[in-house]
Amino acid sequence: TGPLLKPLMGFFKKLIEDTVAPKFDMELEMIWGADGKPFRLQAVEPPMVPVNRHPKTGLPLWFCNIHNHNRFLRDNRPCTVPEVGMTDVYYGDLNGIPEADLQHIDEVSRKHIVHLPMKPGEVCFLDNYRMLHGRDIFEGSREHAVAWFGEQSEEDLRKLEEVKDRGSGNALNKALNNYVENAF
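The sections below set out a description of the structure shown in this document. (Residues numbered from 1 in each chain as written. Predicted model: local features only at pLDDT ≥ 70, side-chain atom pairs only at ≥ 80, totals over all residues. Heavy atoms only, no water.)

### Observations regarding the overall build of the protein chain
We apply this condition: Secondary structure follows DSSP: runs of H or I at least 4 residues long count as helices, runs of E at least 2 residues long count as strands, and numbering of each begins at the N terminus. Contacts were defined at the residue level, with two residues in contact if any of their heavy atoms lie within 4.5 Å. Using the Shrake-Rupley algorithm and a 1.4 Å probe, accessible areas are obtained, with residue cover drawn only from the displayed protein chains.
In terms of regular secondary structure, the protein chain is built from six helices and four strands. Overall, the protein chain shows an N-to-C arrangement of helices and strands of α-β-β-β-β-α-α-α-α-α. A separation threshold of at least 6 residues defines the contact pool for the protein chain, and within that pool the share at least 24 residues apart is 40%. Only carbon and sulfur atoms are counted for the fraction: they give 58% of the accessible area of the protein chain, which is about 14,700 Å².

Now the structure itself:
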């Protein structure tokens, strides 16, 4: 509280909007207290439908990160990631999703888990539209690279250039993306 509270909140909101939000390929609005906690700044995406169409096959599919981004689901499974910067999922009007619905989503997701043990040096490619994926708790460092395959729109190419200009990503990520961009 006090006279510095509002200016400091405005400063931190602008700082996050300018430095963190551009690193994510999504439209975000920074809102203080969206979850009822007045001093928690949250990045809120606009409402989206969880059922979409696969860009190649046109088949309807569940394309929603609720399994990963919902606080209730995350808090009810083993996790070694610190709480800093964690997300939550709400209905489009920012009302909470009932725990019974979240538990059902979790039950259906867990029912279809297929474990894929991997050894150092192995690579796994997944179609994000067709495969809900994650990883179990493990020890050691995590080498992680992301690449997008397929046609790219002018907007996709513009975003790719922005990422390259920022110099983001580690060497593995850069090497994989370079390979994918030039091999196909």
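### A few points about the nonpolar core
Keep this limit in mind: Nonpolar cores were defined as sets of buried Ala, Val, Leu, Ile, Met, Phe, Trp, Tyr and Cys residues, with membership established by side-chain atoms within 4.5 Å. Only protein chains enter the accessibility calculation, which uses a 1.4 Å probe. A residue is then buried if its area is under 20% of the maximum for its type, exposed if over 50%, and partly exposed in between.
Counting six residues, the largest nonpolar core is built from Ile66, Leu73, Val89, Ile97, Leu102 and Ile105. Among all residues touching Leu73, those that are not within four sequence positions of it are Ile66, His67, Leu102 and Asp106.

### Some words on the packing of aromatic side chains
Test applied: Side-chain rings of Phe, Tyr and Trp (the six-membered ring for Trp) are treated as a pair once their centres are within 6.5 Å; stacked means planes under 30 degrees apart, edge-to-face means over 60, and tilted covers the remaining angles.
Under the criterion given, the structure shown has one aromatic pair. With a centroid separation of 5.1 Å and 75 degrees between ring planes, the pair formed by Phe11 and Phe12 is classed as edge-to-face. Residue classification places Phe12 among the partly exposed positions, given a relative accessible area of 39%.

### Thoughts on the environment of Cys124
On the secondary structure map, Cys124 appears in the loop between α4 (99–111) and α5 (154–166). Other than its neighbours up to four places away in sequence, Cys124 contacts Leu116 and Met118.

### Some words on the pattern of salt bridges
Note the following rule: Any carboxyl oxygen of Asp or Glu that lies within 4 Å of a side-chain nitrogen of Lys or Arg is treated as forming a salt bridge with it.
Inspection of every chain in the model, using the stated rule, returns two salt bridges. For Lys14, the salt bridge is made with Asp18, and the minimal N-O distance between the two is 2.7 Å. Here Asp18 and Lys14 lie together in helix α1 (residues 5–19), a separation of four residues that amounts to about one turn. Accessibility expressed as a relative area gives 45% for Asp18, which makes it partly exposed. Linking Asp106 and Arg110 is a salt bridge whose minimum nitrogen-to-oxygen distance equals 2.9 Å.

### Overview of α4
Quick note on the threshold: Working rule for helices: expected span equals 1.5 Å times residues minus one.
The end-to-end C-alpha distance of α4 is 18 Å, a good match for the 18 Å that 13 residues give at a rise of 1.5 Å each. Tucked into the core, α4 has its buried residues touching α2 (66–69) and α3 (71–75).

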